[in-house]
Amino acid sequence: LIYNFKKGLSYDAMVSLFAIMDDHLGDIKWDEYDCIVPVTSIKTNLKARGFDPAVLIARHLAKSTGLPLVNCIKNKGTQAHKSMNHSQRMASSKTSFEVRRGWAGKIKGQRILLFDDVMTSGATILAVAQLLKSHGAKQVEFLVVERSTA
């Protein structure tokens, strides 16, 4: 389902994915968070797809929960992690992300729900969470749609 959504922005896949997510929204204590921060795609994937899957899904979550979407992370990466092994992903993630200009002060003290569509090694989530904490986030927890082993 997530594959069909990401690769072709299938409307049916998107509707199904959002319906499944909506069925489970009650499982999360949304009042424990101040905002949702999506992990953005690298530019080459964004250009190829024409949209950012994590941002699109996070926007739906924000609308459904009433939490603000804070798109404050810039992905400076140049190569998709899909082609990397675990150690390469860890090394790449450490330098691939930065807080967008003007957002650093707004993160301080925030309880952030970090969102990504797919997690494989956890390198991206770990790197972005550490970045947000280094900019003063009070709490960073994460939510992903799919856990992949590839």
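Residues numbered from 1 in each chain as written. Predicted model: local features only at pLDDT ≥ 70, side-chain atom pairs only at ≥ 80, totals over all residues. Heavy atoms only, no water.

Caption draft 1: Inspection of the nonpolar core at higher detail. Judged by nonpolar contacts, the single largest core of 20 residues is most densely connected at Val37, Ile73, Leu114 and Leu132. The set of elements that each furnish at least two residues to this core consists of β1 (35–38), β3 (97–99), β4 (111–119) and α7 (123–134). The contact partners of Ile73, leaving out residues within four places of it in the chain, are Val37, Pro38, Thr40, Phe97, Glu98, Val99, Arg100, Val128, Leu131 and Leu132. Judged by nonpolar contacts, the second largest core, of 16 residues, contains Leu17, Tyr33, Leu113 and Phe115. (Core = buried A, V, L, I, M, F, W, Y, C linked by side-chain atoms within 4.5 Å. Buried < 20%, exposed > 50% of the residue type's maximum accessible area, 1.4 Å probe, protein only. Helix = DSSP H or I, 4+ residues; strand = E, 2+ residues; numbered from the N terminus. Contact = heavy atoms within 4.5 Å.)

Caption draft 2: Looking closely at α7. Here α7 is 12 residues long and its end C-alpha atoms lie 16 Å apart, about the 16 Å a rise of 1.5 Å per residue gives. Where α7 is concerned, the buried positions are Ala123, Thr124, Ile125, Ala127, Val128, Ala129, Leu131 and Leu132. Looking one or two residues beyond α7, the residue adopting positive phi is Gly136, at roughly 95°. (Expected span 1.5 Å × (residues − 1).)

Caption draft 3: A look at the environment of Val55. Assignment of secondary structure puts Val55 in helix α4 (residues 53–65). A relative accessible area of 8% means that Val55 is categorised as buried. When the C-alpha atoms of Val55 and Phe115 are compared, they prove to be 8.4 Å apart, with 60 residues separating the residues in sequence.

Caption draft 4: Geometry of the layout of surface pockets. Roughly 200 Å³ of volume is contained in the second largest pocket. Secondary-structure elements contributing two or more residues to the lining of the second largest pocket are α2 (11–24) and β5 (139–147). Residue contributions to the lining of the second largest pocket peak at four residues, all from α2. In the lining of the second largest pocket, the residues fall into 10 nonpolar, one polar and no charged. (1 Å grid on protein atoms, 1.4 Å probe; cavity = no way out; pocket = protein on both sides within 12 Å on 5 of 7 lines; lining within 4 Å. Points joined across faces, edges and corners; volume = space filled by probe spheres on them. Nonpolar A, V, L, I, M, F, W, Y, C, P; charged D, E, K, R; others polar.)

Caption draft 5: Here's a closer look at the confidence of the model for the chain. Scored by pLDDT, the chain has a mean of 83; 81% of the residues are at 70 or more. Mean pLDDT across the elements of the chain ranges from a minimum in helix α1 (residues 2–8), with 60, to a maximum in β1, with 96. (pLDDT = per-residue confidence, 0-100.)

Caption draft 6: Structural detail: the packing of aromatic side chains. Tallying each qualifying case throughout the model produces zero aromatic pairs. Across from the ring centre of Trp103, 4.8 Å away, lies the NZ or CZ of Lys106, which sits over that ring. (Phe/Tyr/Trp six-rings, centres within 6.5 Å; stacked < 30°, edge-to-face > 60°. Lys NZ or Arg CZ within 6 Å of the ring centre and 35° of its normal.)

Caption draft 7: Local environment of α4. Between its first and last C-alpha, α4 extends 18 Å over 13 residues, near the 18 Å set by a 1.5 Å rise per residue. Of the residues making up α4, those classed as buried are Pro53, Ala54, Val55, Ile57, Ala58, His60, Leu61 and Ala62. A side-chain oxygen of the first residue of α4 lies 3.3 Å from the backbone nitrogen of Ala54; this N-cap is Asp52. In the segment just after α4, Gly66 is the residue with positive phi, at about 85°. (Polar contact = N/O pair within 3.5 Å; in protein donor to acceptor, adjacent residues only side chain to side chain.)

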